[in-house]
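# Summary of the model geometry
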Amino acid sequence: MTGYTMLRNGGVGNGGQPWMLRWSSRIRLTWLSFTLFIILVFFPLIAHYYLTTIDDADDAGKRIFGPRTGNELCEVKHVQDLCRIRESVSEELLQLEAKRQELNSEIAKLNLKIEACKKSIENAKQDLLQLKNVISQTEHSYKELMAQNQPKLSLPIRLLPEKDDSNFPLPKSNRNCRLHNCFDYSRCPLTSGFPVYVYNSDQYHFASSLDPLVKQAFESTARTNVYVTENANIACIYIILVGEIQEPVMPKPTEIEQQLHTLPYWRSDGHNHLIINLSRKSETQNFLYNISTGRAMIAQSTFYDVQYRPGFDIVVSPLVHAMSEPNFLKIPPQVPVKRKYLFSFQGEKVESLRSSLQEVRSFEEEIEGNAPADYDDRIITTLKAVQDSKLDFVLVEFTCKNQPKASLPTEWALCGEREDRLELLKLSTFALIITPGDTHLVISAGCVMRLFEALEVGAIPVILGEQVQLPYHDVIRWNEAALIIPKPRITEVHFLLRSISDNDLLAMRRQGRFLWETYFSTSETVFNTVLAIIRTRIQIPAVPIREEMAVEIPHRSGKAAGTDPNMADNGDLDLGPVETEPPYSSPKYLRNFTLTAMDIYRNWNSAPGPFHLFPHTPFDPVLPSEAKFLGSGTGFRPIGGGAGGSGKEFQAALGGNVPREQFTVVMLTYEREEVLMNSLERLNGLPYLNKVVVVWNSPKLPSEDLLWPDIGVPIVVVRTEKNSLNNRFLPWDEIETEAILSIDDDAHLRHDEIMFGFRVWREARDRIVGFPGRYHAWDIPHQSWLYNSNYSCELSMVLTGAAFFHKYYAYLYSYVMPQAIRDMVDDYINCEDIAMNFLVSHITRKPPIKVTSRWTFRCPGCPQALSHDDSHFHERHKCINFFVKVYGYMPLLYTQFRVDSVLFKTRLPHDKTKCFKFI
């Protein structure tokens, strides 16, 4: 109890010692806390005071707590680095601040410009709206003016006649048949397109008697003809093939007549029918002589005067090459002009005139009191005298070594086989053709066969007997290809033949070769010629020529095309007025009816020439948009179109007689996408460019992710059926301009060069106008032609890798030029440019035009093309020699003429300083 109380009361003695310990501990803790407070609070204050205030020492080196200089503080290495960083940051901050102020100033200026542009845009919109209103009013005024000056025309309603045609007037006699009384024009409206229905010969009994080659060739040609229709109810002409009849199985004339009269569309008299009797041999019989053909037209090679109806019936050429194309390698060249024999003749007369006439009636009755005029005996005597005189080499034989061919009475029969006759004609300058002594025999198959063979090998026909009616005589001027001499002048024939100059001989031979190729050579030309004659007689225009339908390859366009500095640097040359309107095509051809009605003889008779080759061929093409080539003069010059301006006025005018015109770029390419894109970009901003047609010659399509440049005009990528260089010259329907700039995908031409070439072409639309020139040369040791690309003062070709030409020539190249040439281009994958130069020179008889002094046009750094191959030039040598054989002569012409602008700087090699430059 006592102890507990003491402890509780903090007792003394031994029990008070813990309490003392606790009290001493509390004192020490309090003192320690106070000491720490003094150290932590007052010591920093004192130190700060001394460091900031005690700096009165006179000697700077004795100052301990005073502030030091910067160099003294930066003596330490890391302090120096920090100082440098601080200085650099300070400088950058100053620069950024200055830049910020500069940008603020520029922003303020740009804001002012934006406001000004907004105002300009508003003003431009107002001006544009006013211009649109003016254009709209001008177009409306133009339409009103055109409506006042041109009547409104619409196609007439086609009235199909009744099947019976009971109201058709009858002629007094079938011999009096002409178009006006034996032809139903109501079946052939001007806008009908001249539909032709061809009967199937297999449905009639005489089909088994037809020559199988003639029948097959005729049917094959009819199937591909553009005029043939299967709808007989709308047909204008109905055609039936009745010959050539094979001799052993010849049917009776009454059977053929009966089958003709039972044709489903014969309509009692056969009007608007054409009966074709083709001859493949000289001994073809005239079995239609004793057959009543009613009002049907007849086309065959043998006619009597009582049978032939001028202007109604047609004298056709023989069908020698029925199912085969002529072999141009076997056709002799047209030069040299004079051959071994001045003239030649082989034949045998089977029966005389007098004996043949006396078989049926007396001679006096036949000639109605006039004396006979059989000059055959005088002809034989005169020709033998010329041969015996040996003044010239001539060959005349009046007796066949072997059995002569069958012939009509008084007709000179052919001797030997066809190959032997051709070999003799190849050695003859002239080929004599003696017409039958029977003047009632208008033409015979034998005479036509002689004419065919002479034209084929280039022997100029000399026809003794002016009464003869030659094939297609009513549309062809035969005096341009043959000599037609009356028989009484037989004694003057030798003098006449020797007096003809070499130039005239070559012109006649060229014309004869042209007539043979165009109207005689194949079954297609014969059939097309017959249809063309009938169509021309009834004045129906030809159908438009076929254009190649372009199968466009879809492509993405969106990459903005840049401007190559080399392309844009045109110096002081004004490339032309800035055109803001969309691309426009060339005017359409508008002479469909007038050309058919007015220019019949000019179109059919002239040798190949730039103004008439298409209309006179049996292909009957009418160019849909090539009017300017056939007659480019419009009779006026528009204001600003070259009206005597000078300086800037002259440069800004396109010139020429066409008010406005553009051209189309055709670019052939093959799997060179990067090169192609670069070439397309170089066309950006090119004046007068209508569109670009890219002929994609590769079976592999372009990359799907390929972005095509946007050059301001359409780019049409055309897919081809096969890889062929001939695709460059196909008349694509996408080409809507007359002018074509054919250019390779690696060609590198400046805009000023292209524009200058376009200006020159507009002054010479019928020629090739381009940049790189080449020429041909005669290799004397090898007696052949060579292709030469060396620098020269003259040229005969312009490469179509950079050249202007008329679309007219694209039709000729693709549809008229011999297929053998296009086949060789495909075989060698070469020579298409040489072929085009041959064609144009052959048609125009003019050389191409080279512009500027540029000799090459390849872009630097482009991948090598086909022309870099070692075999390239060897193949071109072969091409030239083959083309010469096909044409029969060398059509290329040399020229030293070159067109340069005074703004061009011409640099000539040192060894070519004597070349002339025409400006």
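Before any of the text, the structure's been laid out above.
Cut-off values and rules
Within any chain, residue numbers begin from 1 and follow the written order of that chain's sequence. The model is predicted, so local features are restricted to residues of pLDDT at least 70 and side-chain atom pairs to those at 80 or more, both for listing and for counting; the totals for chains, interfaces and linings are taken over all residues. Only hydrogens and water are removed before side-chain values are computed, so all heavy atoms of the structure are retained for them. Helix and strand labels come from DSSP, where a helix needs a run of H or I of at least four residues and a strand needs a run of E of at least two; each type is numbered from the N terminus. For every residue, the accessible area (1.4 Å probe, protein chains only) is compared with the maximum for its type, and the residue is labelled buried under 20%, exposed over 50%, or partly exposed between those bounds. Every residue pair with non-hydrogen atoms within 4.5 Å of one another is taken to be in contact. Residue burial considers only the protein chains on display, and all accessible areas are found by Shrake-Rupley using a 1.4 Å probe. One requirement defines pairing of two strands: DSSP has to find at least two bridges between them. Nonpolar cores were defined as sets of buried Ala, Val, Leu, Ile, Met, Phe, Trp, Tyr and Cys residues, with membership established by side-chain atoms within 4.5 Å. Within this document, salt bridges are pairs made up of a side-chain nitrogen of Lys or Arg and a carboxyl oxygen of Asp or Glu, the two lying within 4 Å of each other. Think of the arc as the fan of directions from the helix axis to the C-beta atoms. Stacked, edge-to-face and tilted are the three classes for Phe, Tyr and Trp ring pairs, Trp counted by its six-membered ring, which pair at centre distances within 6.5 Å; planes under 30 degrees apart are stacked, over 60 edge-to-face, the rest tilted. The rule for a charge over a ring is simple: NZ of Lys or CZ of Arg within 6 Å of the ring centre, and within 35 degrees of the ring normal. Only the stretch in contact is used when a helix axis is fitted, and all axes are lines through C-alpha atoms; the angle between N-to-C directions ranges over 0 to 180 degrees. With respect to orientation, any angle under 35 degrees is reported as roughly parallel, any angle over 145 as roughly antiparallel, any angle of 65 to 115 as roughly perpendicular, and every other angle as oblique. Each residue receives one of three labels: charged for Asp, Glu, Lys and Arg, nonpolar for Ala, Val, Leu, Ile, Met, Phe, Trp, Tyr, Cys and Pro, and polar for the others, Gly being one of them. Here, the term disulfide refers to a pair of cysteine sulfur atoms separated by no more than 2.5 Å. Two helices crossing with the near one rotated counterclockwise from the far one by less than a right angle form a left-handed crossing, whereas a clockwise rotation gives a right-handed crossing. The charge count treats Lys and Arg as positive and Asp and Glu as negative. His and the chain ends do not count. Under the rule applied, a polar contact is a pair of N or O atoms within 3.5 Å (in protein, one hydrogen donor and one hydrogen acceptor; residues adjacent in sequence only if both atoms are side-chain atoms).

The helix and strand inventory of the protein chain stands at 27 helices and 28 strands. In the protein chain, which comprises 919 residues, the share counted as buried stands at 49%. Restricting the contact set of the protein chain to residue pairs at least 6 apart, pairs at least 24 apart contribute 78%. Of the roughly 48,100 Å² that the protein chain leaves accessible, carbon and sulfur atoms contribute 55%.

For the rest of this paragraph, the subject is the sheet that holds strand β22 (residues 769-770). Across the sheet, which stays open at both edges, the 9 strands sit in the order β15-β20-β18-β17-β21-β26-β22-β27-β28 with mixed pairing between neighbours. Two strands bound the open sheet, and with one partner strand each, they are β15 (551-552) and β28 (898-899). Of the pairings in the sheet, the one linking strand β17 (residues 663-669) to strand β18 (residues 689-696) comprises 7 bridges and is parallel in character. Note that in β18 the partner of T669 across the bridge is W696.

This brings us to the environment of Q259. Tracing the chain through its elements places Q259 in helix α7 (residues 253-261). Given a relative accessible area of 10%, Q259 falls into the buried group. Sequence-wise, Q259 and F206 are 53 residues apart; in three dimensions their C-alpha atoms are separated by 8.3 Å. If near-sequence neighbours (up to four positions away) are discounted, Q259 is found in contact with Y204, H205 and F206.

The subject of this paragraph is the nonpolar core. F194, I237, I239, Y472 and F883 are the most contacted members of the largest nonpolar core, which totals 136 residues. If we skip the residues at most four places from it in the chain, I239 touches V196, Y197, V198, Y199, F218, L274, I276, F527 and L531. L683, L686, V713 and F771 belong to the second largest nonpolar core, which has 40 residues in total.

Most of helix α24 (residues 807-816) is tucked away: 9 of the 10 residues are buried. Among the residues of α24, those classed as buried are K807, Y808, Y809, A810, Y811, L812, Y813, S814 and Y815.

As a further point, take the pairing of strand β11 (residues 428-434). On a regular strand, one side chain projects to one face of the sheet and the next to the other, so that they alternate. With 7 of 7 residues buried, β11 lies mostly within the body of the structure. Pairing of strand β7 (residues 341-346) with β11 involves 3 bridges; the strand directions are parallel. Each bridged residue has a counterpart across the sheet, and for F343 the counterpart in β11 is F430. Where β11 and strand β13 (residues 460-464) come together, 5 bridges link them in parallel fashion. Paired with I434 across the strands is L464, a residue of β13.

Turning next to the pattern of salt bridges. For the structure shown, the criterion picks out 35 salt bridges. Between K426 and E423 there is a salt bridge, with its nearest N and O atoms 3.4 Å apart. Pair noted here: K426 and E423 are both in helix α11 (residues 418-426), with a separation of 3 residues, about one helical turn. For K426, a relative accessible area of 23% puts it in the partly exposed group. E547 is the salt-bridge partner of K807, the closest N and O atoms lying 2.5 Å from each other. Taken together, the residues span a long stretch of sequence, with K807 in helix α24 and E547 in the loop between α15 (523-537) and β15 at a distance of 260 residues. Looking at E547, the relative accessible area reads 22%, which means it is partly exposed. When salt bridges with common partners are traced through the structure, they connect R418, R421, E453 and E456 into a single cluster.

Let us now look at α7. Along α7, the residues that are buried comprise I256, Q259 and L260. Each buried residue of α7 sits inside an arc of 105° when the element is viewed along its axis, so together they form one side. Exposed and facing more than 90 degrees away from the buried side of α7 are T254 and Q258. Of the surrounding secondary structure, the elements contacted by the buried residues of α7 are β2 (237-243) and β3 (273-277).

What follows is about the packing of aromatic side chains. Under the counting rule described, the total for this entry stands at 34 aromatic pairs. Judged by centre distance (6.4 Å) and plane angle (45°), the ring pair of F452 and F520 falls under tilted. Residue F452 is found in helix α12 (residues 445-457), and its partner F520 is found in helix α14 (residues 502-520); the two are separated by 68 residues along the sequence. Take F520: its relative accessible area is 1%, and that puts it in the buried class. Of note, R762 hangs over the ring of F758, and the distance from its end group to the ring centre comes to 6.0 Å. Sitting over the face of the ring of Y787, R876 holds its NZ or CZ atom 4.3 Å from the ring centroid.

What follows deals with the packing of α14 against α15. Close contact between α14 and α15 brings their axes to 6 Å; oriented N to C, the two are set at 85°. One element, α14, and the other, α15, form an angle in the roughly perpendicular class. Across from E517, T518, Y519 and F520 in α14, the residues of α15 making contact are T525, V526 and T529. Class assignment for the residues of the contact of α14 with α15 results in 3 nonpolar, 3 polar and 1 charged.

One covalent bond between the sulfur atoms of two cysteine residues makes up a disulfide. A full pass over the atoms with the stated rule returns 4 disulfides. Here C177 engages in a disulfide with C182; their sulfurs sit 1.9 Å apart. The S-S bond linking C177 to C182 shows a torsion near -70°; that makes this disulfide left-handed. For C177, a relative accessible area of 0% corresponds to the buried category. Taking relative accessible area as the criterion, C182 reaches 0% and is therefore assigned buried. The disulfide that involves C400 links it to C415, with 1.7 Å between the sulfurs.

Here 5 strands make up an open sheet; going across it, the order is β9-β7-β11-β13-β14 and the pairing parallel. Across the chains shown, the open sheet's two edge strands, defined by having one partner strand only, are β9 (395-397) and β14 (483-485). Across the sheet, the mean angle from the axis of one strand to that of its neighbour is 20°, orientation sign disregarded. Contacts between α12 and the sheet are confined to β7, β11 and β13, with β11 contributing the most and set at about 170° to the helix.

In the contact formed by helix α26 (residues 832-844) and helix α27 (residues 872-887), the axes pass within 10 Å of each other and the chain directions differ by 30°. The orientation of α26 relative to α27 falls into the category roughly parallel. Crossing handedness for the pair α26 and α27: right-handed. Note on element contacts: α27 touches α26 through R876, I880, F883, V884 and Y887, opposite D833, I834, A835, F838, L839 and H842. Partitioned by chemical class, the residues of the contact of α26 with α27 number 8 nonpolar, 1 polar and 2 charged.

With respect to the element layout, D779 can be found in strand β23 (residues 773-779). Buried charge without a partner: D779 forms no salt bridge, and the closest opposite charge is K878, 13 Å away. At a separation of 2.6 Å, a polar atom in the side chain of D779 contacts the side chain of H782. Not counting the four nearest positions on each side in its chain, D779 is found in contact with S784 and L786.

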